[in-house]
Amino acid sequence: AWDQECEPQFASYAEVVKQANAGNAQAQYWLGEANFDGENALNAPMAADYAQARTWYDKAAAQQDACAQHAIGWMYDSGEGVVGDMEQAFYWYDLAAKQGLSKSQFNLGVLYRDGSGVTQNLAQAKKWFEAAAVQGDTEAEAELLDWPKD
């Protein structure tokens, strides 16, 4: 489910830049990803630049782009490009999860299960794993297989 949700398609790198500068949230997210990874699907040469990635993610997230919100959450979760902060990771994953992004729903389940960045709440963890699993998230499905029966 994740791949289909956050894989915007553009014909050229120039088109992405033009669209991003014109305010297209998907293009802004795409540039954030390209800068975060230091690579992109269009094979435009670039180096990883976390600050630039965050700038583009912020622009897309300001337009409620769930993929960008998830990406910011991941930055805080992983500590890549920012100081790790699980409360901030929770905040950003929560925004994206409430928009239906399965990977954020799964990650919220993990945070609630582990009490990381939020008070542990197994009922909330199960709720978010179920929401992700309904969308075909295989990691969430696996979590639920191991879940204690009520």
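Every chain is numbered on its own, with residues counted from 1 as its sequence reads. In view of the model being predicted, local features appear only for residues whose pLDDT reaches at least 70, and side-chain atom pairs are presented and counted only at 80 or more, with totals across whole chains, interfaces and linings using the full set of residues. Think of the side-chain values as coming from all heavy atoms in the structure, minus any hydrogens and water.

### Some thoughts on the packing of aromatic side chains
Then comes step 1: Planes of paired rings set the category: under 30 degrees apart is stacked, over 60 is edge-to-face and the rest tilted, where pairs are Phe, Tyr or Trp rings (Trp by its six-membered ring) whose centres lie within 6.5 Å. On inspection of all chains with the given rule, the structure shows seven aromatic pairs.
Then comes step 2: Here the aromatic rings of Y91 and W92 are separated by 5.1 Å at their centres, their planes lie at 85°, and the arrangement is edge-to-face.
Then comes step 3: Measuring from centroid to centroid gives 5.5 Å for F106 and F129, while their planes differ by 45°, and the two rings are tilted. Taken together, the residues F106 in helix α7 (residues 102-114) and F129 in helix α8 (residues 122-134) connect sequence positions 23 residues apart. The two residues F106 and F129 agree in class, both being buried.
Then comes step 4: Aromatic ring contacts, followed pair by pair, group F106, F129 and W147 into a single cluster.
Then comes step 5: The ring of W56 carries K59 above its face, with NZ or CZ at 5.4 Å from the centroid. The numbering of helices and of strands both runs from the N terminus, where a helix is a DSSP run of H or I of at least 4 residues and a strand a run of E of at least 2. Type-normalised accessible area, obtained with a 1.4 Å probe on protein chains alone, sets the label of each residue: buried when under 20%, exposed when over 50%, and partly exposed for intermediate values. Whether a charge lies above a ring is judged from NZ of Lys or CZ of Arg, which has to be within 6 Å of the ring centre and within 35 degrees of the ring normal.

### So, α7
Then comes step 1: Take the residue count of a helix, subtract one, and multiply by 1.5 Å to get its expected span. Taking 1.5 Å per residue as the helical rise, α7 with its 13 residues ought to reach 18 Å, and the 18 Å between its terminal C-alpha atoms agrees with that figure.
Then comes step 2: Of all 13 residues that make up α7, 11 are buried, and the element is covered over most of its length.
Then comes step 3: Turning to α7, its buried residues number three or more, namely S102, K103, S104, Q105, F106, N107, L108, G109, V110, L111 and Y112.
Then comes step 4: Looking one or two residues beyond α7, the residue adopting positive phi is G115, at roughly 65°.

### Examining the pattern of salt bridges
Then comes step 1: A carboxyl oxygen of Asp or Glu within 4 Å of a side-chain nitrogen of Lys or Arg is what we treat as a salt bridge. Taken as a whole and assessed by the stated rule, the structure comprises five salt bridges.
Then comes step 2: A salt bridge links R54 to D58, with the nearest nitrogen and oxygen atoms 2.7 Å apart. Note that R54 and D58 are positioned in helix α4 (residues 50-61) at a spacing of four residues, about one turn of the helix.
Then comes step 3: For D58, a relative accessible area of 32% corresponds to the partly exposed category.
Then comes step 4: One salt bridge connects K98 with D94, and the closest N-O pair in it is separated by 2.9 Å.
Then comes step 5: Of the residues examined, K98 reaches a relative accessible area of 58% and is grouped as exposed.
Then comes step 6: D94 sits in the buried class, given a relative accessible area of 15%.
Then comes step 7: The network of salt bridges with common partners includes R113, D114 and E143.

### Looking at the layout of surface pockets
Then comes step 1: One number sums up the size of the largest pocket: a volume of about 490 Å³.
Then comes step 2: The set of elements that each furnish at least two residues to the lining of the largest pocket consists of α3 (25-37), α5 (66-78) and α7.
Then comes step 3: The element that contributes the greatest number of residues to the lining of the largest pocket is α3, accounting for six residues.
Then comes step 4: Under the scheme applied, nonpolar residues are Ala, Val, Leu, Ile, Met, Phe, Trp, Tyr, Cys and Pro; charged residues are Asp, Glu, Lys and Arg; polar residues are all the others, including Gly. Classifying every residue of the lining of the largest pocket gives 13 nonpolar, four polar and six charged. Cavities and pockets were defined on a 1 Å grid built over protein atoms only: a cavity is a set of grid points that admits a 1.4 Å probe from which the probe cannot escape, a pocket is an open set flanked by protein on both sides within 12 Å along at least five of seven lines, and lining residues are those with an atom within 4 Å of any such point. Grid points are joined across faces, edges and corners, and a volume is the space filled by probe spheres set on the points.

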